[in-house]
Each structure stands twice: as structure tokens, then as C-alpha cells.
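# Coordinate analysis (summary)
Chain by chain, the residues run as shown.
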Amino acid sequence: MKAVLLGVGQAGGKLTTALAQFDADAGYGAVLDALAVNTAAADLDPLPLETVLVGQSRVNGHGVGGDNELGAEVMDEDVVEVLDALAPKVTAAAEAVFVVAGLGGGTGSGGAPVLVRELNRVYDVPVYAVGILPGRDEGTMYQVNAGRSLKTLVREADATILLDNDAWRSAGESVEGGYEAINASMAKRIGLLLAAGEAVEGVGESVVDTSEVINTLRAGGMAAVGFASAPAAEDPQENVTTVTSAVRSAVMTGLSLPSATDADAALVAVAGDPDRISRKGAEKARKWLQEETGSMQVRGGDFPLDSDRIAALVLLAGVERSQRVEAFLERARQAVRDEREETPDPAAAFENDELDDLL
């Protein structure tokens, strides 16, 4: 899938950079171009991408301070500037546009839905969102921001691929190191999804192509992508279990949104040396995925690579009924309830008849 990436906000810009770098390092050529947009100049400066600073008349390059309503307003005001910068990048070769954003911050959560809406008005190709959910420890404001943003993104985007920060942060890891590891893991998953059918090394029996990715995501709503790999024997007959285990691991422990296995549609691509891929294993894995997701729309195919390992890339679409999504939405709803609770007036503590007002 030939794609153009648009990173929004700090987290979106960093993940977009990681995606573009992964594609360039692998030589897949699936990422046609990339652009980063933000209201904070300091977050754009380190990025090796073309950038657009929005909201200068309102926030003077200092960001929106987590206020996603302000983030949406400034993006709406400057959306033409962003579209003008993106227009030369979305050529006739582009098959999709991906808007990448952290859903907890102000610029990403507020600006991404605005851009997705406008891009869908301008372009005929699918416009997908990649949304990063905040962790449980990131505060009430971030939960509320993400809940509101996700509700809007799901309505505006052709599909929204989710990454759950909580699932990918390792214990004892620094915040910065944790985010770098998360970005690398997600870049591999999205990068391979885009590359499937593009960078083919060798001839597969049934190669996954762009139309199958698009048709899987046509279920709309929320989606998740998983990955796992294992060493492969030279004889494909010895790799039946290797293939099925890789697919199971991609779903059970390697999903960007863990435990989101109840899906409307699915796609499984088995990557590796075509001479090592077990057809029996691939078919067994596809049937297992059909049972696990409860979906009759399970597509499958090969991703030929020159490798001594076998890998599984799994895309699940329509996962909004999953326990993980419901748990996050409940956190967001609770955060809204907490936000609405009346804050006591500090001056009330001094209300008594023995103290006179100074003024």
C-alpha cells in the first residue's frame, strides 16, 4: 500500500518519524512521503520531516497545553495551510493517507479528527487514523481527551488503528525509553502492513495485496495489528506448528490493542521464505483466526521475504466490542464524571465571623 503519513502533535510526529524510518531502512518504498503538524515549535524542531506549525496567531508556537478543544479550533482555522503542504505529497500513486496522533494530548487529540474530516472531503483514497491511547497513569485530562477524540475519529476516519500505551510499556523503563520502544514496535507493525504486497522478495503462492488490506479495514471502526516471528526450518513440512504458533502469538501477545480478539474482519499474512512457508500451517492458522475472532471475513496470504524466520502479521478490524476498548472507554467516562465534580472554593475555608475582609 503506497501511503502518505501525517503526524499530528508530539506523539504523532515521533511515531510518523519512526514509521518513515522503518520503511526507508527496509527499502520497502511503501511510505511515499510524510508531514508533521503541531502547535508547539519545540516539538517540530527535532523531526527529520517537513513540518507545519499551526495556531501561531493563538498560541505563538507554545502548544495548546493539553486543551483539545483549543487544538481542534486552531487546526480548523489553519487547516488550509496543512492541506496545501500535503497536496504535493498525495500524488496519483497514493493509495491511502494515515493520520497519526496521540489521543491524550491537546494538539493530537483535537487536531487529528479535524484533519481526517477535511482529508476525506478532499481525497478519494481511504483516510485512516492511527491513535495512541494514554496509559492509566497519565491523568484525568488525558483520559477525557482520548475518549472524546476517539469517539470523533471513529466517525470521521475510514478505520482507526489503536495502540495501547499500557500494553507496551515495560516495567522499570524510563518514560522516554519506553516511548521509543513503543514507537519501534508500532512502526514495525504498521510498516509491514503497508509493505505487504509492495516489497516482494521471491514469488509467493498467494501474496497479500493492497486491496485485501483495504477490504479488511472496510469494516470501519477500531482496528488492531499484531506481529510475531520464530525461527524456521528449511523443510516446510517442519514449519506447520511454527506458522500456527506465530499467528497465535501475534494475536494473543503481539497485538497493538491486547485482548481485542472479537473482530468483524481479519487479515493474516505469513512472511518468510516462500520455500519454507507451510501451506498446511497457513490454512490451519487462518481457520483458528476465524474461530478466535468470530468473523467469517478472514483473508490470508503470503509476504515473501528473504529470511530464515517465519513471521505472522495480523490485522483485526471492527474490534470496538473488545474488553480492552470497553475498559478504556469506562476510564474515559469516569474521568469525565470526575471532571464534572464541583471543585470547592479555597476561599470558603476562611469564611467565619471572627475574620474581617481586608478589602
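Rules of the game
Residues numbered from 1 in each chain as written. Predicted model: local features only at pLDDT ≥ 70, side-chain atom pairs only at ≥ 80, totals over all residues. Heavy atoms only, no water. Helix = DSSP H or I, 4+ residues; strand = E, 2+ residues; numbered from the N terminus. Buried < 20%, exposed > 50% of the residue type's maximum accessible area, 1.4 Å probe, protein only. Contact = heavy atoms within 4.5 Å. 1 Å grid on protein atoms, 1.4 Å probe; cavity = no way out; pocket = protein on both sides within 12 Å on 5 of 7 lines; lining within 4 Å. Points joined across faces, edges and corners; volume = space filled by probe spheres on them. Nonpolar A, V, L, I, M, F, W, Y, C, P; charged D, E, K, R; others polar. UniProt positions renumbered as here; feature names shortened; annotations may be inferred. Core = buried A, V, L, I, M, F, W, Y, C linked by side-chain atoms within 4.5 Å. Salt bridge = Lys/Arg side-chain N within 4 Å of Asp/Glu carboxyl O. Axes fitted to C-alpha atoms, helices over the stretch in contact; angles between N-to-C directions. Parallel < 35°, antiparallel > 145°, perpendicular 65-115°, else oblique. Phe/Tyr/Trp six-rings, centres within 6.5 Å; stacked < 30°, edge-to-face > 60°.

What follows concerns the overall build of the protein. The secondary structure content of the protein amounts to 13 helices and ten strands. Relative to its 359 residues, the protein shows a buried fraction of 53%. Long-range contacts, defined as pairs at least 24 residues apart, comprise 81% of the intrachain contacts of the protein with a sequence gap of at least 6.

Once that is clear, we can look at the side chain of glutamate 118. You can see glutamate 118 is positioned in helix 6 (residues 106-122). Judged by its relative accessible area of 12%, glutamate 118 is buried. Discounting residues that sit within four places of it in the chain, glutamate 118 has contacts with Val79 and Leu83.

The buried count for helix 10 (residues 210-217) comes to six of eight residues, which makes it a mostly enclosed element. All buried positions along helix 10 are accounted for by Thr210, Glu212, Val213, Ile214, Thr216 and Leu217.

With that out of the way, let us pick up empty space enclosed by the protein. Taken as a whole and judged by the stated rule, the model has one cavity of 30 Å³ or more. Volume-wise, the largest cavity comes out at about 40 Å³. Together, Leu133, Arg136, Asp164, Arg324, Ala327, Phe328 and Arg331 line the largest cavity. Broken down by element, the residue count for the lining of the largest cavity peaks at four residues, all from helix 13 (residues 323-340). When grouped by side-chain class, the residues that make up the lining of the largest cavity number three nonpolar, no polar and four charged.

The next point concerns the UniProt feature "binding site: GTP" (unreviewed entry) in the protein. The feature "binding site: GTP" (unreviewed entry), as annotated in UniProt, sits at Gln10, Ala11, Gly12, Gly13, Lys14, Gly106, Thr107, Gly108, Glu138, Asn165 and Asn183 in this numbering. Lining the largest pocket, from this annotated set, are Gln10, Ala11, Gly12, Lys14, Gly106, Thr107, Gly108, Glu138, Asn165 and Asn183. Its location among the elements puts glycine 13 in helix 1 (residues 9-26). Beyond its immediate chain neighbours, meaning those up to four positions away, glycine 13 contacts Gly7, Val8, Leu47 and Leu49. With respect to the helices, strands and loops of the structure, asparagine 165 is situated in helix 8 (residues 165-168). With relative accessibility at 5%, the residue asparagine 165 sits in the buried group. Not counting the four nearest positions on each side in its chain, asparagine 165 is found in contact with Ile132, Leu133, Pro134, Gly135, Glu138, Tyr179 and Ile182.

Moving on, we come to the nonpolar core. Core analysis: the biggest nonpolar cluster contains 62 residues, and Leu6, Val82, Leu119 and Leu289 have the highest contact counts within it. Not counting residues up to four positions away in its chain, the partners in contact with valine 82 are Leu6, Leu35, Val37, Val52, Val54, Met75 and Leu115. If you look at the next biggest cluster of nonpolar residues, it comprises 48 residues, including Met1, Ile161, Ile182 and Leu315.

Here the structure, examined in full by the defined rule, presents 16 salt bridges. Measuring nitrogen to oxygen at the nearest pair gives 3.2 Å for the salt bridge that ties arginine 321 to aspartate 262. Of this pair, arginine 321 sits in the loop between strand 10 (309-317) and helix 13 while aspartate 262 is found in the loop between helix 11 (240-252) and strand 8 (265-272), placing the two residues 59 residues apart along the sequence. Residue class for aspartate 262 comes out partly exposed when judged on its relative accessible area of 33%. Between aspartate 273 and arginine 276 there is a salt bridge, with its nearest N and O atoms 3.9 Å apart. Judged by its relative accessible area of 21%, aspartate 273 is partly exposed.

Quick look at the packing of helix 6 against helix 7 (residues 140-156) now. Contact geometry of helix 6 with helix 7 gives a least axis separation of 9 Å together with a crossing angle of 10 degrees. Between helix 6 and helix 7, the angle falls in the class roughly parallel. Facing Gly106, Ser109, Ala112, Pro113, Val116, Arg117 and Asn120 of helix 6, the residues of helix 7 in contact are Asn145, Ser149, Thr152, Leu153 and Glu156. Partitioned by chemical class, the residues of the contact of helix 6 with helix 7 number four nonpolar, six polar and two charged.

Time to look at the packing of aromatic side chains. Any two aromatic rings considered together are summarised by their centre-to-centre distance and by the angle between their planes. Applying the stated criterion across every chain, the model contains three aromatic pairs. When the ring of phenylalanine 22 is compared with that of tyrosine 28, the centres are 6.2 Å apart and the planes differ by 55 degrees; the resulting orientation is tilted. For tyrosine 28, a relative accessible area of 13% puts it in the buried group. Where tyrosine 28 meets phenylalanine 303, the ring centres are 6.2 Å apart and the plane angle is 55 degrees; that geometry is what we call tilted. Placement of tyrosine 28 in the loop between helix 1 and strand 2 (31-38) and of phenylalanine 303 in strand 9 (residues 298-304) is noted, with a sequence separation of 275 residues between them.

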